[in-house]
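This is what each chain is made of:
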Number of protein chains: 2
Amino acid sequence: MLMKHSQVLKDGTYVKPKHEKLAYGTMVLVRVGIVRDACKQLQRAVTIATRYSAVRRQSEIVPGEPEPQILDFQTQQYKLLPQIASVFALLFSANDLATTYLQVSKDMTKGNMEMLPELHSLSSGLKALSAADATEGVEICRLSCGGHGYLKSSNLPRIYSATTCAITYEGENTVLWLQVASLGRSLQDVALKLVVDTESRLQRLCDMGQNFHHAWNNCSVLLVRCAQAHIRYFVCEKFLQRVKSSAVSEGLRGVLHQLCRLYLIYHITLNHGDFLRCGSLTSAQISTLEDELSLLLTSLRPQAVAIVDAFDIHDEILDSTLGAWDGQVYERLYEDALKSPLNKTDVPEAYHKFLKPLMKSQL
Amino acid sequence: MLMKHSQVLKDGTYVKPKHEKLAYGTMVLVRVGIVRDACKQLQRAVTIATRYSAVRRQSEIVPGEPEPQILDFQTQQYKLLPQIASVFALLFSANDLATTYLQVSKDMTKGNMEMLPELHSLSSGLKALSAADATEGVEICRLSCGGHGYLKSSNLPRIYSATTCAITYEGENTVLWLQVASLGRSLQDVALKLVVDTESRLQRLCDMGQNFHHAWNNCSVLLVRCAQAHIRYFVCEKFLQRVKSSAVSEGLRGVLHQLCRLYLIYHITLNHGDFLRCGSLTSAQISTLEDELSLLLTSLRPQAVAIVDAFDIHDEILDSTLGAWDGQVYERLYEDALKSPLNKTDVPEAYHKFLKPLMKSQL
C-alpha cells in the first residue's frame, strides 16, 4: 500500500495524514514538469517560426524596394518576440517553483505545513497559465508561417496538439483558476483591485439572499480573472528578479532585460483596462508604454534568430521543413513534396487510365 | 481570355479596366462565402459543446448536492453562450455584406464605382474577423468538453482544422487588417479614438524623419487594432439592426435581443481599456455591464440547448460522439471505443504472446 502520508496500523486503525493537503506535494512536482514541457513546446514552435521568418520574403514595406524578410514587419515581430520572452518568463517561474517545492518538502518532513496551501495554489495557477500561454503562443507561431504553417511537414500542427492537451489534463485550466481564486493572495495593484471588487460583488449577491456557493458560481468569470492577474504578476516578478540576479555578461543581461520589458508591456497593454480601472496607470502612461513596445520590437528584431539558435534545439527534435538551423526552407519543402505519391510523375497515372478516356469520349 | 473588365482590341491595344479595383467584386463574393462558412463551422462546434454540456455532469456547485450539468457553471456559460451569439452576429453581417455586394454590382454596371473601395475594405475586415472569431470559438468549444474534446470521435479537432485555415487563405488575416486600416472610416467612439491616436503617432514618426512607409510599419500593431475595432463595430451595428427589424415573434425577438446584448457586452468587457481611454464609458459603467453579463448568462442558460437544436444540423453532418441530438453521449463513446483493435479482447493478444513470457522469465 502507498502509505507515505496516511497509515493503516496492524489492528486495522486508519491514521489520517497530518495535513489533508499532504498529497499535494507530488502534484506540485508534476506541475513543475508540465510548466517546463509547455515551455519546451513553445521554444520549438518559436524557433521554427523565427527562423522561417528570417528566410521567407514577401510583400514590401517601401513600394518598389525588394521584398523584406517577413521578420521585418512589425506585426510579425509582435507575433514572435513576445513568445520568445514568454519562454524565459515561464522557465524562470518553473525553476522558482521547483526551488520552493524543495524547500516546502524539507519543511514538511519537519512537520511544518504552513506553506503548502500557497505552494499548491501557485503550482495550479502556473500550470494553467503556462498551458494557456504556450498553446496560444504555438498557434500564433503556426499562423505566422502562413499556409506553410498548416503543412504537416512544418511540424507545427503536431506541436500544437502536444501543447494544447496540457490545458485539459492534470487539473482542467478553468477549474484550476477557480482553485487559485479561492486562495488568491495577490500582491499587485491590479490583482488586488480585482480581488477587492470581486469580493464586494460576491458579498452583494450573498446580501441579496444568494447562497454563498451560488454567489461564487455567479462571480466565477471574474474570479478566474483575479487568479490570472495574480499568477501573471508572479511570473513577471520572477522574470524581473532573474534578470537582475543572473550571473551573465552585461550584454546578455541587456537582451534579457529588453525581453523582460517586452513581456511586461505586452501583457500590460493587452490588459490596459484593468490598469486604468485600478488607477495604477493613466491613459498617457499606457500610450508611452505602447511607444516603448514598438521600440522594443525594433530593437530586439536583430537578436531574434540568435536567441532561438541559443535554445539549441536539434533539427531532429524540431523535425520541421520550415525551422532547420541552416535556413534551407525551400529545399526541404521540395524534398518533402517529392515524397508524395502524387508527385512521382508529372501527370498522375490515373489521368491517362481513367480521366483522359472519359474526357475524350465526348459523352 | 477573361475579359469582363479589361479588354484587348483586335489591333492588340490593351484597354485597362474602368476602375483598378473592379476585379475586387468577385473577391467580395468569395469572402461572403468564407464568412458564412466560418459561421457554419462555429455553429457545428457550439452545437456539439452545448449538447454535451447539458449531458455531462461533474463536480459540485453546492457541497453535498448532486453533480450539476456542467452547463450550470457560469464559467462554462461564459465559454459557450458568447459563441452562440457570435453565430448570429456573423450570419447577420454576412447577409448584409451580400446585399451590399448586389447593390454595388448593380451600380458598377452603370459605371458607378464609388462604393467599391468601402465594400472591399468591409469584406476584407469581415473575412479576417469571422475567421479569427470562429477559430477561437471552435477551440473554446473543444476545450469546454475537457478530455473528450480531444477525441477524434468528438469531431471537434477536425472542425478546428477546417476553420483555422480561413485565417490564412484568401488574404492572410494580418495583411487584411492592414488593408482595412489603410481605408479606416470608423464610426464608433472607440474606433475613432484609436484611429485619431494612431494617426497622430504616425505623424509624429514622420515628423521625426521616418519615411512614411517605415512609420506605417512601426505603427502597424496599432493599425491592426483600429481595423479590428472598426469591423467589430460594424458587426455589432448589424446585429442590433437585425434584431430590431426581423419579422419574428416577440418571444424570439427577446431571445435574440439578449444574445445581441451578450455579444456587445462580451466584447466591450474584453476591450474595456479602449472604452475607458476614449472616455465613452466610465469604470462604474463597465462594472454595471459586468453585472449584466452575469445576469445574461444565467438568463440564457435555459435557452442554450433549444437554440443550438434550432440550428438544425443533422447528426450525419455533426459526426460527433459528443453532440448528437439525442444526448446519448456515453453510449456513442462506448460504441466508438469498441471499434478500436485494442478493445477487441479484454487483454490484447500481444500480452500473452510477448509480454507475459518476458515478465515470467525472471530476467
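Scroll up to find the structure.
Residues numbered from 1 in each chain as written. Chains lettered and ligands numbered in written order. Predicted model: local features only at pLDDT ≥ 70, side-chain atom pairs only at ≥ 80, totals over all residues.

### Observations regarding the nonpolar core
Inference 1: Formed by 190 residues in total, the largest nonpolar core has its most connected members in Ile84(A) and Ile84(B).
Inference 2: Setting aside residues up to four positions removed in sequence, Ile84(B) forms contacts with Val46(B), Leu259(B), Ala304(B), Ile307(B) and Val308(B). (Core = buried A, V, L, I, M, F, W, Y, C linked by C-beta atoms within 7 Å. Buried ≥ 20, exposed ≤ 12 C-beta atoms within 10 Å, placed from the backbone. Contact = placed C-beta atoms within 7 Å.)

### A few points about the packing of helix α8 (residues 220-245) of chain A against helix α9 (residues 250-270) of chain A
Residue and element names in this part refer to chain A.
Inference 1: Put simply, α8 and α9 touch, their axes get as near as 9 Å, and they point 165 degrees apart. With respect to α9, the element α8 is oriented roughly antiparallel. Handedness of the crossing formed by α8 with α9: left-handed. Residues Arg232, Cys236, Phe239, Leu240 and Val243 of α8 touch α9, and the partners they reach there are Arg253, Leu256, His257, Cys260, Tyr263, Leu264 and His267.
Inference 2: Partitioning the contact of α8 with α9 into residue classes produces 8 nonpolar, 2 polar and 2 charged. (Axes fitted to C-alpha atoms, helices over the stretch in contact; angles between N-to-C directions. Helix = DSSP H or I, 4+ residues; strand = E, 2+ residues; numbered from the N terminus. Parallel < 35°, antiparallel > 145°, perpendicular 65-115°, else oblique. Left-handed = near helix turned anticlockwise from the far one by under 90°. Nonpolar A, V, L, I, M, F, W, Y, C, P; charged D, E, K, R; others polar.)

### Regarding the interface of chain A and chain B
Inference 1: Facing 34 residues of chain A, the contacting portion of chain B comprises 34 residues.
Inference 2: Taken together, the elements giving at least two residues each to the side of chain A that touches chain B come down to α2 (74-109), α4 (156-168), α7 (212-218), α8, α10 (272-277) and α11 (283-300) of chain A.

### Observations regarding the relation of the copies chain A and chain B
Inference 1: By a simple turn and slide, chain A fits onto chain B: the slide is 0.0 Å along the axis, the RMSD is 0.1 Å, and the turn is 180 degrees. A rotation of that kind, with that shift, is consistent with a two-fold axis. The C-alpha atom lying nearest the rotation axis in chain A is that of Gly273(A); the distance is 1.6 Å.
Inference 2: In this assembly, 100% of the residues forming the interface of chain A have copies in chain B that are likewise at the interface, indicating an isologous arrangement. (Least-squares fit on C-alpha atoms with pLDDT ≥ 70 in both.)

### Topic: the environment of Ser124(B)
Residue and element names in this part refer to chain B.
Inference 1: Structurally, the position occupied by Ser124 is in helix α3 (residues 116-144).
Inference 2: When the C-alpha atoms of Ser124 and Leu194 are compared, they prove to be 19 Å apart, with 70 residues separating the residues in sequence.
Inference 3: In this structure, Ser124 is in contact with Gly171, Leu176, Gln179 and Val180, ignoring residues within four places of it in sequence.

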